[in-house]
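# Summary of the model geometry
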Amino acid sequence: MSTDSTRGSEIVFTDVVKRYSGQAEPAVDHLDLTISAGEIVTFVGLSGCGKTTSLKMINRLIEPTSGAITIDGQDTRELDPDELRRGIGYVIQGGSLFPHMTVSANIAVVPRLLNWDRRRIRRRTDELLELVGLDPSVYRDRYPKELSGGQQQRVGVARGLAADPPVLLMDEPFGAVDPITRSRLQDELLDVQSKLHKTIVCVTHDIDEAIKLGDRILVMSEHGRIAQYDTASEILANPNDDFVADFTGSGSALKQLALEKVSSIHLEPAVLVHVGDPVPDVLTLAEEHGTNQVVVLDADDAIVDWYWTVTLRGSAVRARPGRRPVLLDEDAKLDTVLDTLVTSLHEGAIVVDERERFLGIATFDEVTAHVRRVNAAPGTIPEHDGPFPERVPSGGADRGREHP
Ligand SMILES: Nc1ncnc2c1ncn2[C@@H]1O[C@H](COP(=O)(O)OP(=O)(O)OP(=O)(O)O)[C@@H](O)[C@H]1O
Ligand SMILES: [Mg+2]
């Protein structure tokens, strides 16, 4: 993906009201909201609260009754609506593709309106198909009915991004797919966003989706009122009122896990030793470092095993065949850590940096202790008890070599 693509724009609602004719109450009542450039903001709230109405006022698919919406300072009322919409990607549930057009023709709708030449359109559609994880040579000439729901949704996202708009609006984009595909599409959207830095406004019913995708979450109550507009961790830790607390629901400590990196818990130290090191020396070294855990490296310094000192047997350290320990990236989120530990049936997993060097051991006990601390202290962002553990032994993987 080119790096010179258009970055996100700031969107500002000022005192925006929408009254549908014949309705006693306004659908959106005096909404003031600033969406920062380059952020994903999720609108979440109960059915009928005004999410879609608020979203569609941004690209004037719905005209506000009063108030102003600006995009990068430009009042949208001063723009021709068609022109405005060509500069704003719009993705809705199911992808809403034109059934009689191929995948590439669907993606190219806006570029064609913009009179791009054929070669540029072809390059762009292939680039976008790759970006959303569909092989262009396989999918570009298919029709929507020849795609799965999740694939149609990806094409919908590709179409929304086709003309490289600074703003992407999404309304329940992943609502129609199964939970696993949905989670993969969410991951892909986040991956795409990490490259493109668009301003994305995404409407959802699903608080978990809102938390996962949103840099900021707008919890909406009736008539488009802002119950809370904040980062996920702030909303989970400090809900403004009972409505927000009820909406974010029980288990908020568990939801919090999806936001925190493994580096936010205490990682246990271990000594690093090599296959073949004499066991008595390893025991002495572990005692010197006040740890009862031993991480075993092979001749290439790759991590191959992990022992409690009490289980060390024989005269020299061995790596048990087939016992590759579970390695976790230091950026892994705590929900992934918990999943990994539960599914691998290990008590702990080894946290490594991007070069797979040992940083510490994340244990099941530490993750659960962390959840308990979050539960015990609502309203605070938890911190682990001690300082971040030093790498043990200092000097990293080479240290084991100096000893035996
Ligand atoms: N075209 C319309 N004419 C009259 N009333 C409308 C119209 N569109 C929406 N409304 C009303 O405006 C309110 C807000 O609707 P909106 O579609 O914005 O809700 P929403 O939060 O997107 O709900 P959902 O989660 O069910 O999609 C609702 O009470 C709805 O009945
Ligand atoms: Mg809606």
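Residues numbered from 1 in each chain as written. Chains lettered and ligands numbered in written order. Predicted model: local features only at pLDDT ≥ 70, side-chain atom pairs only at ≥ 80, totals over all residues. Heavy atoms only, no water.

This next bit is on the overall build of the protein. Helix and strand counts for the protein stand at 16 helices and 16 strands. Residues counted as buried form 50% of the 404 residues belonging to the protein. By sequence separation, contacts in the protein at least 24 residues apart represent 65% of the contacts at least 6 residues apart. (Helix = DSSP H or I, 4+ residues; strand = E, 2+ residues; numbered from the N terminus. Buried < 20%, exposed > 50% of the residue type's maximum accessible area, 1.4 Å probe, protein only. Contact = heavy atoms within 4.5 Å.)

The subject of this paragraph is the site of ligand 1. In the vicinity of ligand 1, the contacting residues are Tyr20, Gln23, Ala27, Leu46, Ser47, Gly48, Cys49, Gly50, Lys51, Thr52, Thr53 and His205. A distance of 2.5 Å separates an oxygen atom of ligand 1 from a polar side-chain atom of Ser47. At 2.8 Å, a side-chain N or O of Thr52 approaches an oxygen atom of ligand 1. For ligand 1, the protein covers 60% of the area, taking 630 Å² as the surface of the free molecule. A class-by-class count of the residues in the shell around ligand 1 yields four nonpolar, seven polar and one charged. (Near = heavy atom within 4 Å. Polar contact = N/O pair within 3.5 Å; in protein donor to acceptor, adjacent residues only side chain to side chain. Areas by Shrake-Rupley, 256 points an atom, 1.4 Å probe, with all protein chains shown as cover. Nonpolar A, V, L, I, M, F, W, Y, C, P; charged D, E, K, R; others polar.)

A few words on the nonpolar core. The biggest cluster of nonpolar side chains holds 28 residues, and the ones touching the most others in it are Ile107, Leu128, Val155, Val157, Leu161, Met170 and Phe174. Counting only elements with at least two residues in this core, the list comes to α3 (103–107), α5 (118–131), α7 (149–161), β7 (167–171), α8 (179–196) and β8 (199–204). If sequence neighbours within four positions are ignored, Met170 has contacts with Leu55, Val91, Val157, Leu189, Ile200, Val201, Cys202 and Val203. Core analysis: the second largest hydrophobic core is formed by 24 residues, Leu31, Cys49, Met57 and Val203 among them. (Core = buried A, V, L, I, M, F, W, Y, C linked by side-chain atoms within 4.5 Å.)

It is worth spelling out the pairing of strand β13 (residues 303–308) at this point. Of all the six residues making up β13, five are buried; the element is thus mostly covered by neighbouring parts of the structure. Bridge count between strand β12 (residues 293–297) and β13: five bridges; the pairing is antiparallel. In the sheet register, Val295 faces β13, and the bridge partner there is Trp306. Taken together, β12 and the strand that follows it, β13, pair antiparallel across an intervening segment of five residues, in which Asp301 is found at a positive phi of about 65 degrees. (Pairing = 2+ DSSP bridges.)

For the rest of this paragraph, the subject is the side chain of His274. For His274, the position within the fold is in strand β11 (residues 271–274). Among the residues examined, His274 registers a relative accessible area of 7% and is labelled buried.

Hydrogen bonding along the main chain pairs the strands of a sheet, whether they run parallel or antiparallel. Strand order in the open sheet formed by four strands is β2-β1-β4-β5, and the pairing between neighbours is antiparallel. One side of each edge strand has no neighbouring strand; the edge strands of this open sheet are β2 (28–35) and β5 (74–75). In this sheet, β2 lies alongside strand β1 (residues 11–18) in antiparallel orientation, the contact comprising five bridges. Counted as the bridge partner of Ile11 is Ile35 from β2.

Mapped onto the elements of the fold, Thr309 is located in the loop between β13 and β14 (327–329). With sequence-adjacent residues up to four places away left out, Thr309 is seen in contact with Leu283, Ala286, Asn292, Gln293 and Val294.

In this structure the tally under the stated criterion is two cavities of 30 Å³ or more. The volume enclosed by the largest cavity comes to roughly 70 Å³. Breaking the lining of the largest cavity down by element, the ones donating at least two residues are α7 and α8. Considering each element in turn, the lining of the largest cavity owes the most residues, four residues, to α8. Along the lines of polarity and charge, the residues of the lining of the largest cavity split into six nonpolar, no polar and two charged. Of the voids in this model, the second largest cavity is the one considered here, and its volume is about 30 Å³. In terms of lining residues, the second largest cavity is bounded by Leu161, Leu168, Leu189, Val192, Gln193, Lys198 and Ile200. (1 Å grid on protein atoms, 1.4 Å probe; cavity = no way out; pocket = protein on both sides within 12 Å on 5 of 7 lines; lining within 4 Å. Points joined across faces, edges and corners; volume = space filled by probe spheres on them.)

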